[in-house]
Amino acid sequence: MILIITDDQGYGDVAANGNKVIKTPNMDKLYHEGVRFTNFHAGTTCAPSRSGLMAGIDGNRAGVWHTIGGCNFLRDKFTIMPQVFQANGYCTAMYGKWHLGDAYPYLPEDRGFEETVVHGGGGVGQTPDYWNNDYFDDTYWHNGKPQQYKGYCTDVFFGEAMKYIESKKNKPFFVYISTNAPHGPLNVEKKYYDLYKDETSITDDQKAFYGMITNIDDNMGFLDKKLEELGLKENTIVIFTTDNGTASGYKTSKDGEMGFNAQMRGTKGSQYEGGHRVPFFIRWQNGKLVGGESINELTMNFDILPTLIDLCQLKNNFKTDFDGINLAPRLTKKVASLPQRYCVVDNNRQQQPEKWHMCSVMDNEWRLVDGKELYNLQSDPGEATNIATKYPERVTAMRAAYEKWWEHTSVDFSQYEAYKVGVSNETETILTAMDFHTSDPQAWDQELIRDPLGGKKPALSKGYWMIDVQHDGDYEITLRRWPSESGLRFNQVAPALGEQTKWYNALPKGTVFNIEKATIDLDALHLEQKVDMSSDKVVFRAHINKGRKQLYANLITDKNDEFSAFYVYIKKIDRLK
């Protein structure tokens, strides 16, 4: 079983779906060889989508309605896809992007993957990622330990996956290849940009974006050839899909449209069709999932886990209450149609999800957007004409479906997930500025770490991390402005990284803040220290009681500006002396 998911590639970013410019011969081959869902929906953004895929439940219910701010940790009470495969004797591995938590117990190796090669956060170069990763010759976490790899990120992830597949060729395996590409920054080898350099119908950014997709496509070709060489192609299920609508493949301006969006309205993040309808191709020769058939009924990414349990004849003793349905009978032609149902997608990128916020209620052909706009995709695929006043009974029925969905998915909203600290098998917990709870802009990527005042919105904000202390005891809490692997002190500037081109986004040099004081607040505990700017850290030691807590760890400048530390390291230590 091989599941491939790309990042920010939309429905229209595949040649087989009507794009006349992009070069994706191997994706097209899978489209024609297997079965495709043409009305398949993910979340509107990265992490919510991935939680649905992994857990078989709606992202909001899974605790993942945002991509940052502590609202992207897949609730650890749910059993997820790799755990189900592992419990059935499968070897399990993942490569690339996880984005469902960057510390215990939310890491992929904590959730059923025995082999992992992953970057941090929601993309290469984001705050939890290894310092100065830029898609080329990066350091990734191999089974939780940093290791440098030679080559371009996508090539590394597919290459490592193929090595693993070859090593497990005589055993059942589940391999999850989750590329960070074509998510920004739009960094790619020049030869892939050059494939599109003379194309006038797309922008320079889109040329790099398409180049990243063609590079993925090349790797899919290498993978297919490897399966043939190993004699595994006929009895390996291969799935290709993406996590949300296109991020860069379609743009509009006063000069017109650039790129392709298959007639859909909206792109990544949108509640309209283009924000969440994505490609989905599945091939399994021995299971007769072949022939290029299209299934046009509404299907969802949280349908995939219950479907694979059936197709692979897995025992599921975990008794998860899936939100998805089993699509296997439809795929294998045991039934001619799927049951009628309503499903909901939304975009609630905020600390507290808001009812009716940027949502779409869907059935096979109807869409109710934001609870008030009604569209029929058969006659209006671009969702241009609101016909809600013509069909009030349908609006009422779809609003009722939303109410039921909200009641079901919001049941655990009263509790955020929390990183567990002081666990015996975890020597250190790393918290970053991407994960603290705040409604203000935060430094979620390394460009903002370098210069948090250089973006559209200042990213020097305050918030708190949810932690779950596992044992009463003495702890060391270290605050840093730069990550430990950078070797930088408070008074040092991170040098610029790379040279700006049309196919590579350089990073600016960093800035220095004159930090005078550091503080820690945990319930009634308040600690503070003066900061030595020639040091790389401030270290606190304290006795902390077991339980869930809000941790505030702040730095205060000579101008009395106060902001949460960008990096915090916590570990249990021997008794304080």
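The following refers to the structure shown. Since this is a predicted model, take the numbers as computed values, not measurements.

A word on the overall build of the protein
Then comes step 1: Each helix and strand in the protein was counted, giving 10 helices and 28 strands.
Then comes step 2: The C-alpha atoms of the protein give a radius of gyration of 24 Å, which matches the 25 Å a tight globule of 577 residues would have.
Then comes step 3: Along the first, second and third principal axes, the C-alpha set of the protein runs to 70 × 55 × 50 Å.
Then comes step 4: Sorting the 577 residues of the protein into buried and exposed places 60% on the buried side.
Then comes step 5: Taking as baseline every contact in the protein between residues at least 6 positions apart, the subset at least 24 positions apart corresponds to 70%.

Things to note about the environment of Trp131
Then comes step 1: Looking at the element boundaries, Trp131 is found in the loop between strand 5 (115-118) and strand 6 (139-142).
Then comes step 2: The spatial distance from the C-alpha of Trp131 to the C-alpha of Ser484 is 8.9 Å, given a sequence separation of 353 residues.
Then comes step 3: Residues within four places of Trp131 in sequence aside, it is in contact with Gln446, Ile449, Arg450, Trp482, Pro483, Glu485, Ser486, Ala494 and Tyr567.
Then comes step 4: A polar contact is formed between the side chain of Trp131 and the side chain of Asn132, at a distance of 3.5 Å.

Focus on the pattern of salt bridges
Then comes step 1: Per the stated rule, a full pass over the model turns up 36 salt bridges.
Then comes step 2: Its salt-bridge partner being Asp224, residue Arg283 comes within 2.8 Å of it at the nearest N-O pair. Of this pair, Arg283 sits in strand 12 (residues 280-283) while Asp224 sits in helix 6 (residues 204-229), and the two are 59 residues apart along the sequence. We note that Arg283, like Asp224, is buried.
Then comes step 3: Residue Asp536 is joined to Lys537 by a salt bridge in which the shortest nitrogen-to-oxygen separation is 3.3 Å.
Then comes step 4: A residue is classified by how much of its surface remains accessible, and Asp536, at 22% relative accessible area, is partly exposed.
Then comes step 5: A network of salt bridges, in which partner residues are shared, links Lys29, Glu33, Asp224, Glu228, Lys233 and Arg283.

Observations regarding helix 9 (residues 392-409)
Then comes step 1: Given a rise of 1.5 Å per residue, 18 residues ought to cover 26 Å, and the 26 Å separating the end C-alpha atoms of helix 9 matches this to within 8%.
Then comes step 2: Taken together, the buried positions of helix 9 are occupied by Val395, Met398, Ala401, Tyr402, Trp405, Trp406 and Thr409. Down the axis of helix 9, the smallest arc covering the buried residues is 140°, so these residues share one side. Exposed and oriented more than 90 degrees from the buried face of helix 9 are Glu393, Thr396, Lys404 and Glu407.
Then comes step 3: Where helix 9 is buried, its residues meet strand 15 (343-346), strand 16 (359-362), strand 17 (366-369) and strand 18 (373-376).

Topic: unusual backbone geometry
Then comes step 1: Residue Tyr104 is joined to Pro105 through a cis peptide bond whose omega torsion reads 5°.
Then comes step 2: In this structure, Pro185 follows Gly184 across a cis peptide bond, with omega equal to 0°.
Then comes step 3: Here Pro185 is to be found in the loop between strand 8 (173-178) and helix 5 (190-194).
Then comes step 4: Positive phi outside glycine occurs at Asn132, with the angle close to 70°.
Then comes step 5: Along the chain, Asn132 turns up in the loop between strand 5 and strand 6.

Description of the pairing of strand 5
Where a strand is regular, its side chains alternate between the two sheet faces.
Then comes step 1: Burial along strand 5 is two-sided: Glu115 and Val117 facing one way and Thr116 and Val118 facing the other are all buried.
Then comes step 2: Where strand 4 (residues 91-96) meets strand 5, 4 bridges bridge the pair, whose relative direction is parallel. Residue pairing for strand 5: Met94 is matched across the bridge by Thr116.
Then comes step 3: As defined by bridge partners, strand 5 adjoins strand 6 across 2 bridges and the pair is classed as antiparallel. When the bridges of strand 6 are listed, Val118 appears paired with Trp141.

Looking at the nonpolar core
Then comes step 1: One finds Ile2, Ile4, Ile165 and Val175 to be the most contacted residues of the largest nonpolar core, which totals 49 residues.
Then comes step 2: Contributions of two or more residues to this core are made by strand 1 (2-6), helix 1 (25-33), strand 4, helix 4 (153-167), strand 8, helix 5, helix 6 and strand 9 (238-242).
Then comes step 3: Considering every element that reaches this core, the biggest residue donor is helix 6, with 9 residues.
Then comes step 4: Those residues in contact with Ile165 that sit more than four places away from it in its chain are Ile2, Phe173, Val175, Leu223, Leu227, Leu230 and Leu232.
Then comes step 5: Grouped together as the second largest cluster of nonpolar side chains are 48 residues, Phe37, Ala47, Phe174 and Ile309 included.

Thoughts on the packing of aromatic side chains
Then comes step 1: Scanning all chains against the criterion turns up 35 aromatic pairs.
Then comes step 2: With centroids separated by 6.1 Å and ring planes inclined at 10°, the aromatic side chains of Phe113 and Tyr176 adopt a geometry described as stacked. Remark: Tyr176 occurs in strand 8 and Phe113 occurs in the loop between strand 4 and strand 5; sequence separation between them is 63 residues. The pair Phe113 / Tyr176 is uniform in exposure class, with both members buried.
Then comes step 3: With 5.1 Å between their ring centres and 65° between their planes, Trp366 and Tyr391 make a pair best called edge-to-face. Linking Trp366 in strand 17 with Tyr391 in the loop between strand 18 and helix 9, this pair joins segments that are 25 residues apart in sequence.
Then comes step 4: For Tyr391, a relative accessible area of 38% gives the class partly exposed.
Then comes step 5: Note that Arg277 overlies the ring of Tyr11, its terminal NZ or CZ placed 4.3 Å from the centroid.
Then comes step 6: It is Arg480 that lies over the ring of Tyr569; its NZ or CZ is 5.4 Å from the centre.

Topic: the sheet that holds strand 25 (residues 538-544)
Then comes step 1: Spatial ordering of the open sheet is given by 20-28-22-25, a layout of 4 strands whose pairing is antiparallel. With one partner strand each, in any of the chains shown, strand 20 (429-432) and strand 25 form the two edges of the open sheet. Pairs of neighbouring strands in the sheet enclose a mean axial angle of 20°, with direction left out of account.
Then comes step 2: One ladder, built from 7 bridges, connects strand 22 (residues 473-480) with strand 28 (residues 567-573); its direction is antiparallel. Each bridged residue has a counterpart across the sheet, and for Thr478 the counterpart in strand 28 is Tyr569.

What counts, and at which threshold
- Residues numbered from 1 in each chain as written.
- Predicted model: local features only at pLDDT ≥ 70, side-chain atom pairs only at ≥ 80, totals over all residues.
- Heavy atoms only, no water.
- Helix = DSSP H or I, 4+ residues; strand = E, 2+ residues; numbered from the N terminus.
- Rg over C-alpha atoms; globule rule 2.2 N^0.38 Å.
- Buried < 20%, exposed > 50% of the residue type's maximum accessible area, 1.4 Å probe, protein only.
- Contact = heavy atoms within 4.5 Å.
- Polar contact = N/O pair within 3.5 Å; in protein donor to acceptor, adjacent residues only side chain to side chain.
- Salt bridge = Lys/Arg side-chain N within 4 Å of Asp/Glu carboxyl O.
- Expected span 1.5 Å × (residues − 1).
- Arc of directions from axis to C-beta.
- Pairing = 2+ DSSP bridges.
- Core = buried A, V, L, I, M, F, W, Y, C linked by side-chain atoms within 4.5 Å.
- Phe/Tyr/Trp six-rings, centres within 6.5 Å; stacked < 30°, edge-to-face > 60°.
- Lys NZ or Arg CZ within 6 Å of the ring centre and 35° of its normal.
- Axes fitted to C-alpha atoms, helices over the stretch in contact; angles between N-to-C directions.

Coordinates in, geometry out; function isn't part of it.
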